[in-house]
Amino acid sequence: MNKILIVGHPASGYQEAEALLQQFGMQPAQPSKREGLFPQRIGEILSKAHGVPAIDEVVSEDQLHQIQAGSVWNGLALDLLLGNLDQPLWGWSDPKAITQLDYWAQLDAKLAFVLVYDEPHRVLIEAARARANQLADNAGLRQLLDNWVAYNGALLRFYLRHPQRCLLVHAQQVRRAADSYFRQLQPLLAVPLLRDVIDTPTPLAQREQHHETALPVAAALPEQWAVAIEAVGLDPQPFSQALTAEETERYLIDDVLAAHPAALQMYAELESAANLPHSGTPKPLERNPDVAWRALVQQRAFIADLLTQFQAEQRRHADALAQLREELQESRHREQLQLAHASQEAAEREAELADLKNRLRQSEHDNELLLNQLHQVQEELERGHLERQQLQQRGEAQAREIQRQAEQLQQREGELKLAQAQRAQAEAERDAAREQAQQRAQVVAERDKQVKELTEENELLLNQLHQVQEELERYYLENQKLKQRLPKPKPPGPYGAADRIKRQLSYRLGALMIQRSRSVVGWAGMPWALWAEVRAFRKERAARANEKLPPIHTYSDAHEAERVKKHLSYRLGSTLIELGKSPLGWLKLPFALHRQVKEYRFERAGGARK
């Protein structure tokens, strides 16, 4: 057997027998494997299903008949056995299992039973100190003793039916002779306990032997009494004996039991049948009325003194309570004043908040107007840039033509004439562009100050066209000189530096930011649009991974790359990439973008004035 069920009356001290077993090898029961139920909970379910009355309501042994549980209830117990299958020795205690002993005995043949009992004196002492109101009349006292007789009678009957699987022990004798307790229990177990126990009486047993009484050791000071004593600043330990009046209880308890011979008869039957009865025949209490009277007088005197201290403490608390009430009223008055002041401040804050909201709406409206104007200016700049790019492409075509003329020295005269013709054509285009600029200036004069900036840009474009023309002439003269110095001209570099810069991620992101900033929907979807542009750039770069392009500085129009890098699109995209590498950079990004736009406007305005 490797399982132990410990059963005893709630006032028998069965917990001490269980604690001693756990100290020397018995493990507590684990919950069932499937339902997670402990054995005590399984017992409650069985008792409820079979209508078993509460233990403290029983007054007759017939009320504690063994339940006849069908096989349908075996699943709960078997699930409990599975949950404890890995434990070599385990067990539990349950005083409510008195009606389930046959059920557990039939279910598992390896289950041993430890049946614990104690003198009827103990149930009276514990009831007097825990539930004194139940003993106010003879009916309550009789019910308590009849309950004890019925419970222990059922315990004795089960032991007599199964002596080979049970150990009937006296609770006090378990403390006194633990070694004998374990020696008699070991044959019922299939596994050994952890170690032997030295048969030395415990301090509790020594105290009981000193008193030479069959009564249990006096209980500790009741909790409610200890709390009351501590409330007045006293140590409850020295007053335990005076308040419990153990001598008075011992003097009176034999007279109470003399009126209930059934309890004494049941205790005698338990002692005669027990495997571990009380050691020897206990001496009867020495009936000394003087000792009982002195204990009672001492208790009454101590209670009177304690009540006096309680009254003094109550007066002190009443004075403190009155002072606290005055402080509370003052505190409430201060809180009301603070609340009124806070309400006034809250109203002022709400007014300020409303004013700030109005200013914010006005600021948002102004910002939207400025943004629309910025978009219009950007569009004008883009159109001017496209026109200038077309003129530049024409100039580049003229330069290539000059180079071809330089390679063919024998056709120099014809090429010169062609260059002059192209120059005349460029001058005609310049005149046409000038006329267009004049017409545009007239239109711009009718617009507001922001449109005037577009006119200045056109004039700047015209100046650049002149510069391009002068550069073309200079290039022609320099080519002529180089042709004279060098027998073979150096092959020209490739073109398209500006397109290379515009294909970079920084320029594309900046252009996308400018494009989507023209509407509220564009602003809302800008993060996803920027991320999509980054993914598209990565795919294009992966597709051109094998494409080897010469460095930008080797291009014939490398200066165009530097010019494109001054565009607002490139500057905005470069700022986004640079600051987007760290969390701190993201916080600085809005201010950095605003600064780039402001610098671009300033540079553009300065170039136009020049």
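First, a word on scope: everything that follows refers to the structure included in this document. (Residues numbered from 1 in each chain as written. Predicted model: local features only at pLDDT ≥ 70, side-chain atom pairs only at ≥ 80, totals over all residues. Heavy atoms only, no water.)

1. Side note on the pattern of salt bridges
Opposite charge on two side chains allows them to pair when their charged atoms are near. Applied cut-off: Only one rule defines a salt bridge in this text: a Lys or Arg side-chain nitrogen within 4 Å of an Asp or Glu carboxyl oxygen. Every helix listed is a DSSP run of H or I at least four residues long, and every strand listed is a run of E at least two residues long, numbered separately from the N terminus. Think of it in three bands: with a 1.4 Å probe and only protein chains considered, a residue is buried below 20% of the maximum accessible area for its type, exposed above 50%, and partly exposed in between.
Evaluation of the coordinates by the stated rule reveals 19 salt bridges. Between K3 and D108 there is a salt bridge, with its nearest N and O atoms 2.8 Å apart. Taken together, the residues span a long stretch of sequence, with K3 in strand β1 (residues 3-8) and D108 in the loop between α4 (101-107) and β4 (111-117) at a distance of 105 residues. With a relative accessible area of 11%, D108 lands in the buried category.

2. Thoughts on the packing of aromatic side chains
Convention followed: For Phe, Tyr and Trp, rings pair up if their centres lie within 6.5 Å, where Trp contributes its six-membered ring, and each pair is then called stacked (planes under 30 degrees apart), edge-to-face (over 60) or tilted (otherwise).
In the structure shown here, the tally under the stated rule is seven aromatic pairs. Consider the rings of F113 and F158, whose centres lie 5.0 Å apart with planes at 75 degrees: the pair is edge-to-face. Of this pair, F113 sits in strand β4 while F158 is found in helix α6 (residues 138-161), placing the two residues 45 residues apart along the sequence. Pairwise contacts between aromatic rings join W90, W92, Y103 and W104 into one cluster.

3. Here we look at the side chain of H170
What counts, and what does not: Note on definitions: a residue-residue contact is assigned when non-hydrogen atoms from the two residues lie within 4.5 Å.
You can see H170 is positioned in strand β5 (residues 166-170). Beyond its immediate sequence surroundings of up to four residues, H170 is in contact with Y117, D118, E119, Y267, E271, L276, P277 and H278.

4. So, the environment of L391
Residue placement: L391 occurs in helix α14 (residues 289-407). Accessibility expressed as a relative area gives 18% for L391, which makes it buried. Through-space distance from the C-alpha of L391 to that of A426 is 9.2 Å; in sequence the pair is 35 residues apart.

5. Some thoughts on helix α22 (residues 568-579)
The condition is simple: Given a helix with a known number of residues, its expected span is that number minus one, times 1.5 Å.
The terminal C-alpha atoms of α22, which comprises 12 residues, lie 17 Å apart, in line with the 16 Å expected from a rise of 1.5 Å per residue. Within α22, nine of the 12 residues are buried, leaving the element largely enclosed by the surrounding structure. Buried within α22 we find L568, S569, Y570, R571, L572, G573, T575, L576 and L579.

6. Quick word on the nonpolar core
The condition that has to hold: Put simply, buried Ala, Val, Leu, Ile, Met, Phe, Trp, Tyr and Cys residues joined by side-chain atoms within 4.5 Å make one nonpolar core.
If you look at the biggest cluster of nonpolar residues, it comprises 52 residues, and the most contacted ones within it are L5, V7, I98, W104, F113, L115 and L168. By residue number, the principal contributor to this core is α6, which donates 12 residues. Ignoring sequence-local partners within four residues, the contact set of L5 consists of W92, A97, L101, W104, L111, A112, F113 and V114. Judged by nonpolar contacts, the second largest core, of 24 residues, contains L167, V169, Y181 and L193.

7. Re the pairing of strand β3 (residues 90-93)
Where we set the bar: Should DSSP find at least two bridges between two strands, the strands are taken to pair.
Here β3 shows a buried face lined by W90 and W92 and a second buried face lined by G91 and S93. In the sheet, strand β2 (residues 27-28) pairs with β3 via two bridges, with the strands oriented parallel. In the sheet register, Q27 faces β3, and the bridge partner there is W90.

8. Quick notes on the environment of N479
Along the chain, N479 falls in helix α16 (residues 449-485). Accessibility expressed as a relative area gives 18% for N479, which makes it buried. Sequence separation between N479 and E407 is 72 residues, and the spatial gap between their C-alpha atoms is 9.9 Å. Residue contacts for N479: discarding those within four places in its chain leaves I402 and Q403.

9. Some details on the packing of helix α1 (residues 14-23) against helix α8 (residues 178-185)
Selection criterion: For helices, the fitted line uses only the C-alpha atoms of the stretch in contact; every axis is such a line through C-alpha atoms, and the angle between N-to-C directions lies from 0 to 180 degrees. Under this scheme an angle from 65 to 115 degrees is roughly perpendicular, one under 35 degrees roughly parallel, and one over 145 degrees roughly antiparallel; angles in between are oblique. Each residue gets one label: Ala, Val, Leu, Ile, Met, Phe, Trp, Tyr, Cys and Pro are nonpolar, Asp, Glu, Lys and Arg are charged, and the others, such as Gly, are polar.
For the pair α1 and α8, interaxial distance at closest approach is 12 Å and the crossing angle is 75 degrees. In terms of axis orientation, α1 runs roughly perpendicular to α8. Across from A17, L20 and L21 in α1, the residues of α8 making contact are A178, Y181, F182 and L185. Taken together, the residues of the contact of α1 with α8 break down into seven nonpolar, no polar and no charged.

10. Digging into the packing of helix α18 (residues 505-516) against α22
Two numbers describe how α18 lies on α22: the axes approach to 6 Å, and their chain directions differ by 105 degrees. It follows from the interaxial angle that α18 and α22 lie roughly perpendicular. Contact with α18, carried on its side by L505, S506, Y507, L509, G510, A511, M513 and I514, involves L568, S569, Y570, L572, G573, S574, L576 and I577 of α22 and no other residues of that element. A class-by-class count of the residues in the contact of α18 with α22 yields 11 nonpolar, five polar and no charged.

11. So, the sheet that holds β5
To summarise the sheet geometry, strands pair through backbone hydrogen bonds and adopt either a parallel or an antiparallel arrangement. Pairing is parallel across the open sheet formed by five strands, whose spatial order is β2-β3-β1-β4-β5. At either margin of the open sheet sits one strand with a lone partner, and together these are β2 and β5. With six bridges joining them, β1 and β4 adopt parallel strand pairing. Across the sheet, residue V7 finds its bridge partner in β4, namely L115. Set on the sheet, α6 makes contact with β1, β4 and β5; between it and β4 the angle comes to about 140 degrees.

12. Overview of the pairing of β4
Of all seven residues in β4, seven are buried; the element is thus mostly enclosed. Burial of β4 is two-sided: the residues L111, F113, L115 and Y117 facing one way and the residues A112, V114 and V116 facing the other way are all buried. As defined by bridge partners, β4 adjoins β5 across five bridges and the pair is classed as parallel. Looking at β5, one finds that Y117 is bridged to H170.

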